[in-house]
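# Summary of structural features
In case you want the letters, here they are:
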Amino acid sequence: MKRTLFFVFSLFLLNISSFSDELPTLPVAPYLPAQLQEATEQNAPITVQYPYENLTLPRGATQIFIFGQVNLKLPATLDINGQDVPLYKNGAFVAFVPVETGDFTFTLTAKNKDATVQAVRHVKVLGTDIKDFSQEAAFDEDQVFPQHDVELLPGDTINLYVRGTPGASVYAQLSSFKHGKDILLQEDPSQPGTYRGTYVIEEDQKHKTSKVIYKMKEGPNDTKAKVTAPAKITVRDNQTPFTYAEINLPGVKLRKRPTASGNLYPDYRAYGPVRISGQMANQSRIWIDGKQTAWLENNRLTPLKDYEETPNTLSFIRTDTSDERTRFIFTLDRPVPIQIHEYKDRVELTLHYIDEFEQNFSLDDTSPLVSNIQWTQREEKTVAFRILLRKKANLWGYAYRFEENELILDLMHEPTRVKQTGKPLAGARIVLDAGHSPKRTPPYDGAVGPTGYLEYQATYALAQDLKPLLEQAGATVLLTRDGENKMSLQDRYDFAKDQQAHIFISLHYNALAETQDPLAKPRGFTVYYAYPHSFDLAEKVYKAFVKHVPLADNGLLANTVLFIPRMSDYPSILVENAFLILPEQEELAKTQEGRASFVKALYEGIVNFYK
Ligand SMILES: [Zn+2]
C-alpha cells in the first residue's frame, strides 16, 4: 500500500516541573492517522483525532466528545481540562467534556512515571446568542426572515422568525398586506432571543409585495430596535398560480419542507416540466396534486419561460416479460413526477400531471411475479396503479426510468443460478462495498478512530477478509473499490448495475455527532435496509450479528434516507459493524483477529439468505 507523508510535526516532550512558574505555549495535538504513525519515526506524545483543530461546533453545544491517543509508555494517566479520562490498553481515549461558548481550549495532560506531557486543541463554540445584546434592544441581522425572496399564494402561512435581545416584545410589520400590521411574535422558551409568529395570506391581495420589518419594544433600559429583512414577500395570483420549470436532474428526490437537508419524501421522484407554486429559501414549491406539494432546490430547476401546459395523456400500458424481469411500459405525452412504493404484496405506482387516461392495456400473463394490475384516480390529475404480486412471488427489486415519453418500470425476478452441492453460494454475484474513500486530511471521508484508523481503511480490510470465504462457497464477489481509489455513492450504484449484481452489501463503521455522549449507552452494530425486498437479507445478517458479534445490538432498522439501502434494483443493505470512535471497537476493526466475528456474521447471514 502506498504511503505518503502529509504533514510534518515538530514534536517535543515537555517536562512541566521545569517550567513551574511560567506556563509555556503548548503544542497543538496533531492528528496521526495510523499509517502515518508507521511511516514516521517520530511519535507525538498526545494525538487528538477529534475535534479537528479550529473546528466550529454547533450553536449552543455544552458538551462534546474528544478522542485520541496518549503515546507514552503505560501505565499512564490523562486529564482533560481537569477531568480524569481512562486510557485504553493501547493508550487510546474517548471522553465527553464540557465546553463553553466562544474560543475554547482543551488542555490535555498525560503523565507516566518518567514524564508529563501536555497538548492543546482549540475549537470555537457558537453561542445561543451570537452578540451580546444584554444592555440594549437589538436584532441579529443574519437571523431575520426572509433572507431570500418569498413567493406564496393566498391561503399560505408565512412563518416569521427573528433573533435579538431576549425578554423584549417583538412585532412584525408586513405593511402592504391586509391585517399585516403589528403581528405579535412569541419568544421561544427553549431558545431565548428567538421570536416566532405566523401570518396567513388573505385573499384579494394578489401581486402585492411587502417588506418585512421587525420592531422591538421594552428592551433593556427602555431601548427600542428595528430591522428590515433583506428579502421581500410577494403574493402570487390565485387565478394563474403556476410558473413552470424543467427538472435538470431527472428522478431527483423531493423534500417535504424547504430545508437545507433532510425532510425528503421517501418515494417521490421528479421528472419533466413541473408546476411551481411558490418560492422560499432558494427552493421552489412544486405542485404535486390538489392536496400535496413538495420542495426542490432552485439549482435543480431550469425555469421555462412562456411555457404553455398542454394536456398530458396516458395512452397505453403494456408489459414485456423476459427471464430477468417483468417490464411495464407507460406511454405518455411527456415525463411526469411519479411516486413509487413497494409493499409486501404489491408495488404501487402513482403518476401525477395526467389529464387523460385512455385505458389501453396490453398485458401478458407470463410474469412469475405479477398477478393483476388495478388502477384508480387519486386526487386531481393523479392516477395510481396497484401491481399485485402473485402469492409466494419473490420480488428481487425494481428499477424505473423515463425514456423520452415512456416510463419503464422493471420488476426484477430472482436471479437464476445453478446450484452445486457443497457450494452454498454457487452462481451468486455479490457486491461487497467497502464504504467511504481515501482522504488523509481532516475532515475525513467517514469516521476516524482514536488511534487514527480511518473508516475507508477499516471497511476495505473487512471486505478483504470476507471475499475469499464467499468465493470458496461459490460466489462471484465484486468489490466496489480497490484499496486507494475514490468512489462516489453514484459510482458504486453504477458499478453494481454494470456488474449485474444480485445483492449489495455495504460495510461501514459508525460514529456519532459530537454533541452526543458516546459513553451514554452501549454501542455496537446496526443493519439498515429500506425496502421489503431487502428485509430478508438484512434480517439474516442481523441475526448472525446477534449470534456472533460480542457488541451491543443497536438494531435492524428500516431507513429510507440513506442512499445505499435505497438502491432498489436488488436486495441492498448497509451494515455498521461497530463504533470506530470507541477505543476497544476501533481495536477490533484494526486486526484480522478482531474482525473475525464480523466476518463470521456476514458470511453466515449471506449463506442463510441464499438457503
Ligand atoms: Zn460509514
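Predicted model only: the values in this text are computed from it and were never measured.

Secondary structure summary: the protein contains 6 helices and 43 strands in total. The buried share among the 611 residues of the protein stands at 39%. Pairs at least 24 residues apart make up 69% of the contacts formed inside the protein by residues separated by at least 6 positions.

Turning our attention to helix H3 (residues 489-498). Inspection of H3 places Arg-492, Tyr-493 and Ala-496 among the buried residues, and these make up the whole buried set. Buried residues of H3, seen end-on, are gathered within an arc of 100° and therefore sit on one face of the element. Of the exposed residues in H3, those oriented more than 90 degrees away from the buried face are Gln-490 and Asp-498. Where H3 ends, the next residue or the one after it, Gln-500, has phi of about 50°, a positive value.

The contact between helix H2 (residues 455-472) and helix H6 (residues 592-610) brings their axes to 9 Å, and the two run at 50°. The pairing of H2 with H6 is recorded here as oblique in orientation. When the axes of H2 and H6 are compared, the crossing they make is right-handed. When H2 is examined against H6, the residues Ala-461, Leu-462, Asp-465, Leu-466, Leu-469 and Leu-470 are found in contact with a partner set consisting of Gln-592, Arg-595, Phe-598, Val-599, Leu-602, Tyr-603 and Ile-606. Here the residues of the contact of H2 with H6 are counted per class, giving 10 nonpolar, 1 polar and 2 charged.

What the domain assignment reports for the protein is domain 1 (16-125), domain 2 (139-235), domain 3 (243-304), domain 4 (313-412) and domain 5 (429-610). Measuring from the centre of the C-alpha atoms in domain 1 to the corresponding centre in domain 4 gives 58 Å.

Further remarks concern the sheet that holds strand S18 (residues 225-228). Taken together, 4 strands build an open sheet; the order of strands is S13-S12-S17-S18 and the sheet is antiparallel. Looking along the sheet, the strands with just one partner apiece sit at the ends: strand S13 (183-184) and S18. Bridge count between strand S12 (residues 169-173) and S13: 2 bridges; the pairing is antiparallel. By the bridge assignment for S13, Tyr-171 is matched with Leu-184.

The next point concerns the sheet that holds strand S38 (residues 429-434). Spatial strand order, S39-S38-S40-S43-S41-S42: 6 strands in an open sheet with mixed pairing. Each of the sheet's edge strands pairs with one partner strand only, and the pair in question is strand S39 (476-479) and strand S42 (552-558). Each neighbouring strand pair of the sheet contributes to a mean axis angle of 20°, computed without reference to strand direction. Where S38 lies against S39, 4 bridges are found, and the strand directions are parallel. Residue pairing across strands places Ile-430 opposite Val-477, the latter belonging to S39.

Attention shifts here to the environment of Ala-501. With respect to the helices, strands and loops of the structure, Ala-501 is situated in the loop between H3 and strand S40 (503-510). For Ala-501 and Leu-478, which are 23 residues apart along the polypeptide, the C-alpha to C-alpha distance reads 8.2 Å. With residues up to four places along the chain from it excluded, the contact list for Ala-501 reads Arg-429, Val-431, Leu-478, Ala-496 and Tyr-570.

Within the largest apolar cluster, 130 residues are counted, with the highest numbers of intra-cluster contacts made by Ile-286, Val-541, Ile-573 and Leu-580. At 8 residues, the largest contribution of residues to this core is made by H2. Residues contacting Leu-580, with those up to four places away along its chain left out, are Ala-447, Val-448, Gly-449, Tyr-453, Glu-455, Ala-458, Tyr-509, Asn-510, Ala-511, Gln-585, Glu-586 and Ala-589. Within the second largest apolar cluster, 24 residues are counted, among which are Phe-145, Ile-158, Tyr-195 and Ile-201.

Take the environment of Glu-404 next. Turning to its location among the elements, Glu-404 is positioned in the loop between strand S36 (397-403) and strand S37 (406-412). On the basis of neighbour counts, which here come to 8 C-beta atoms within 10 Å, the residue Glu-404 falls in the exposed class. Distance in space between the C-alpha atoms of Glu-404 and Ala-115 is 72 Å, their sequence separation being 289 residues.

It is a general feature of regular strands that their side chains alternate between the two faces of the sheet. Burial analysis of S40 places 8 of its 8 residues in the buried class, the great majority of the element. In S40, alternate side chains face the same way, and those of Ile-503, Ile-505, Leu-507 and Tyr-509 on one face and Phe-504, Ser-506, His-508 and Asn-510 on the other are all buried. Across 5 bridges, the pairing between S38 and S40 is parallel. Opposite Leu-432, over in S40, you have Ile-505 as the bridge partner.

Okay, unusual backbone geometry next. Glycine aside, residues mostly have negative phi, and peptide bonds are mostly found in the trans state. Here the amide bond leading from Phe-145 into Pro-146 is cis, since omega sits at 0°, within 30 degrees of zero. With respect to the helices and strands, the residue Pro-146 is situated in the loop between strand S9 (139-144) and strand S10 (150-152). Note the cis peptide between Pro-442 and Pro-443, where omega equals -5°. Here Pro-443 is to be found in the loop between S38 and H2. A positive phi angle, close to 55°, is found at Asp-306, a residue other than glycine.

Before going further, it helps to examine the pairing of strand S35 (residues 383-389). Residues of S35 alternate between two faces, with Val-383, Phe-385, Ile-387 and Leu-389 buried on one and Ala-384, Arg-386 and Leu-388 left unburied on the opposite face. In the sheet, strand S31 (residues 346-351) pairs with S35 via 6 bridges, with the strands oriented antiparallel. The residue of S35 that forms the bridge with Arg-346 is Leu-388. Summarising the sheet, strand S34 (residues 370-377) and S35 pair through 7 bridges and their orientation is antiparallel. From the neighbouring strand, Asn-372 faces S35, where its bridge partner is Leu-388. Here S34 hands over to S35 after 5 residues, with Glu-379 in that stretch at a positive phi of 60°.

So, on to the packing of helix H4 (residues 532-548) against H6. Contact pair H4 / H6: the axes reach a minimum separation of 8 Å and the direction vectors enclose 140°. Overall, the two elements H4 and H6 adopt an arrangement that is oblique. Read as a crossing pair, H4 and H6 show a hand that is right-handed. Facing Asp-536, Leu-537, Lys-540, Val-541, Ala-544, Phe-545 and His-548 of H4, the residues of H6 in contact are Ser-597, Lys-600, Ala-601, Leu-602, Glu-604, Gly-605, Asn-608 and Phe-609. In terms of residue class, the contact of H4 with H6 is built from 7 nonpolar, 4 polar and 4 charged.

Rules used in this analysis
- Residues numbered from 1 in each chain as written.
- Predicted model: local features only at pLDDT ≥ 70, side-chain atom pairs only at ≥ 80, totals over all residues.
- Helix = DSSP H or I, 4+ residues; strand = E, 2+ residues; numbered from the N terminus.
- Buried ≥ 20, exposed ≤ 12 C-beta atoms within 10 Å, placed from the backbone.
- Contact = placed C-beta atoms within 7 Å.
- Arc of directions from axis to C-beta.
- Axes fitted to C-alpha atoms, helices over the stretch in contact; angles between N-to-C directions.
- Parallel < 35°, antiparallel > 145°, perpendicular 65-115°, else oblique.
- Left-handed = near helix turned anticlockwise from the far one by under 90°.
- Nonpolar A, V, L, I, M, F, W, Y, C, P; charged D, E, K, R; others polar.
- Domains from an automatic or database assignment.
- Pairing = 2+ DSSP bridges.
- Core = buried A, V, L, I, M, F, W, Y, C linked by C-beta atoms within 7 Å.

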